[in-house]
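# Remarks on the overall topology
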Amino acid sequence: LFEMVGRYQSAYETFRIPLTGLLQFFVAMRDSMVVWAWILPALLLIVTCWLMVALRSGGGFSGFPFVGVKHYRFAMFAELLAMQIDHSVTLSEGIVLSAEATGSPAMKESARLLADHVSQGGNLSAQPAIAGAFPPFLRWLMIDGERQGKLSHALRLAAEMYRRRAANSLIWFKTLFPVLTCVFIGGGIVLLYALGLFMPFVQMLDGLSTGDMYPLN
């Protein structure tokens with residue numbers, strides 16, 4: 001692209017046509033490449049490091065739209081807790097173990113506080129505002145299931161619902177991500193080449209046809 005910009009610049013000077021604003025911009029970008037060329041690799045390195053830190057800290061891609069990781073974690077928590085309740089594991093211990101399996105720091109912290117509350121004689125229906133990492137619907141099912149004595153059944157219903165939501169989110173992501181990637185990357189490349197290659201050529205022809213040239217010395 002910048003090689004073509006140099007050729008266009010030479011052609012403009014040969015035909016004594018003033019450089020247009022767009023071509024001046026590309027010429028300035030070419031001449032200052034040593035200043036800004038490192039920015040894109042640096043941004044890619046920063047994004048890569050951020051993703052690695054997010055994955056190692058347990059946050060992963062849970063905050064990304066359409067991925068559905070958080071729903072998989074809710075389903076895993078509910079299903080593991082239901083299984084432990086069926087095997088006579090205490091509720092406080094089961095909450096902590098199930099949250100540990102999800103790998104989410106926020107869920108592990110909320111589970112620890114909730115387990116302390118339950119082990120001190122509290123119940124899920126009287127839980128304080130300490131289970132913020134758990135979604136409202138899951139908390140409601142846990143409260144209602146404990147009240148009716150069907151906590152494991154309620155947890156399995158929640159696990160199935162969150163698993164379906166996670167699967168739907170993943171389908172949306174798999175459908176939209178390639179399309180959006182092609183649109184932004186392909187469209188960006190096409191736009192860049194249109195501005196850098198075709199527009200200067202059109203403007204050069206326009207300058208020749210209108211006689212917009214530097215006077216001869």
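Heads up: these notes are all about the structure in this document. Note that this is a predicted model, so its numbers are computed, not measured. (Residues numbered from 1 in each chain as written. Predicted model: local features only at pLDDT ≥ 70, side-chain atom pairs only at ≥ 80, totals over all residues. Heavy atoms only, no water.)

### A word on the pattern of salt bridges
- Tallied over the entire structure, the rule returns six salt bridges.
- Between E79 and R163 there is a salt bridge whose closest N-O contact spans 2.3 Å. Placement of the pair is E79 in helix α5 (residues 69-86) and R163 in helix α9 (residues 151-210), with a sequence separation of 84 residues.
- Notably, a salt bridge pairs E160 with R164, separated by 3.6 Å at the nearest N-O pair. Pair noted here: E160 and R164 are both in helix α9, with a separation of four residues, about one helical turn. (Salt bridge = Lys/Arg side-chain N within 4 Å of Asp/Glu carboxyl O. Helix = DSSP H or I, 4+ residues; strand = E, 2+ residues; numbered from the N terminus.)

### Brief notes about a nonpolar patch on the surface
- Taken together, the side chains of V179, L180, V183, F184, I185, I189, L192 and Y193 make up a nonpolar region of the molecular surface, amounting to roughly 770 Å² of accessible area.
- Among the structural elements, I189 can be located in helix α9. (Patch = residues over 30% accessible without salt bridge, like charges linked within 9 Å, V, L, I, M, F, W, Y side chains within 5 Å. Areas by Shrake-Rupley, 256 points an atom, 1.4 Å probe, with all protein chains shown as cover.)

### Digging into unusual backbone geometry
- Positive phi outside glycine occurs at S88, with the angle close to 65 degrees.
- Examined against the element boundaries, S88 turns out to sit in the loop between α5 and α6 (91-102).

### A closer look at the packing of aromatic side chains
- Taken as a whole and assessed by the stated rule, the structure comprises three aromatic pairs.
- Taking 4.7 Å as the distance between ring centres and 40 degrees as the angle between the ring planes, the aromatic pair formed by F77 and F134 counts as tilted. Highlighted residues: F77 in helix α5 and F134 in the loop between α7 (105-119) and α8 (136-148), separated in sequence by 57 residues.
- Note on F134: relative accessible area 2%, which makes it buried. (Phe/Tyr/Trp six-rings, centres within 6.5 Å; stacked < 30°, edge-to-face > 60°. Buried < 20%, exposed > 50% of the residue type's maximum accessible area, 1.4 Å probe, protein only.)

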